[in-house]
Amino acid sequence: MKNKMKKLALLAIFGLLTLGSSAQKFGHINSQELLSLMPERTTAETSLQDYAKGLESQLMSMQTEYQSMVENYQNNEESYDDLTKQDKIAEIQGLEQRLTTFQQSAQASLQEKEQELLQPILEKAQNAIDVVAEKGKYTYILDSSSGFILYSKDSEDILEKVKLALKI
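Contact pair helix 4 (residues 82–135) / helix 5 (residues 159–166): the axes reach a minimum separation of 9 Å and the direction vectors enclose 115 degrees. One element, helix 4, and the other, helix 5, form an angle in the roughly perpendicular class. Considering how the two elements wind past one another, helix 4 and helix 5 form a crossing that is right-handed. Between helix 4 and helix 5, the residues in contact are Lys124, Ala128, Ile129 and Val132 and Lys161, Val162, Ala165 and Leu166, respectively. Residue composition of the contact of helix 4 with helix 5, grouped by class: 6 nonpolar, no polar and 2 charged.

Here we take up the nonpolar core. With 20 residues, the main nonpolar core has Ile29, Leu34, Met38, Ile129, Ile141, Ile158 and Val162 as its most contacted residues. Where this core is concerned, the elements lending two or more residues are helix 2 (31–37), helix 3 (39–76), helix 4 and helix 5. It is helix 4 that provides the largest number of residues to this core, a total of 8 residues. Counting residues in hydrophobic clusters, the runner-up holds 11 residues, among them Leu55, Leu59, Met69 and Ile92.

For the rest of this paragraph, the subject is helix 4. Its 54 residues give helix 4 an end-to-end C-alpha distance of 79 Å, which sits within 8% of 80 Å, the value for a rise of 1.5 Å per residue. At leucine 118, helix 4 shows its largest bend, some 35 degrees, and a proline, proline 120, comes one to four positions later. Put simply, aspartate 81 is the residue that caps the front of helix 4, since its side-chain oxygen is 3.2 Å from the backbone nitrogen of leucine 83. Taken from the residues just after helix 4, lysine 137 is the one with a positive phi, measuring 55 degrees.

What counts and how
Residues numbered from 1 in each chain as written. Predicted model: local features only at pLDDT ≥ 70, side-chain atom pairs only at ≥ 80, totals over all residues. Heavy atoms only, no water. Axes fitted to C-alpha atoms, helices over the stretch in contact; angles between N-to-C directions. Helix = DSSP H or I, 4+ residues; strand = E, 2+ residues; numbered from the N terminus. Parallel < 35°, antiparallel > 145°, perpendicular 65-115°, else oblique. Left-handed = near helix turned anticlockwise from the far one by under 90°. Contact = heavy atoms within 4.5 Å. Nonpolar A, V, L, I, M, F, W, Y, C, P; charged D, E, K, R; others polar. Core = buried A, V, L, I, M, F, W, Y, C linked by side-chain atoms within 4.5 Å. Buried < 20%, exposed > 50% of the residue type's maximum accessible area, 1.4 Å probe, protein only. Expected span 1.5 Å × (residues − 1). Bend = angle between axes of the 7 residues up to and from the residue. Polar contact = N/O pair within 3.5 Å; in protein donor to acceptor, adjacent residues only side chain to side chain.

Structure below.
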């Protein structure tokens, strides 16, 4: 995302430098607003929440098992011989390690799932922006949600045109 903003900034600067040589048309759009209006976004968010709930359920199950093991150990520690204590402690530590690994994997998996669900939506939005930009003969379209508007007096907000292209 940072590289995309840098590219946009460089393109905008280049455009301003060459403004005198030919007429250029600038437009801007709030991409975050556009994405929030797309019906696919709601579906993706629901799917992501369901996926997160599944991961959370697995984590809760593991945490319950861990708490049960710790309580069982604490309640019966006095009756265990040294070898049994070592075995129980190793079991608890193993489950503790699995919990930590699962939490990290779940976070990465959730991010991957979000990217997987959002990618088609982002592509659809980008395609609609491209269509509007080509049809309107825009030289540059800047994303006003990223804060990279170097000059906006002569910039046209194309959100309504892109919404029409997406039929939303």
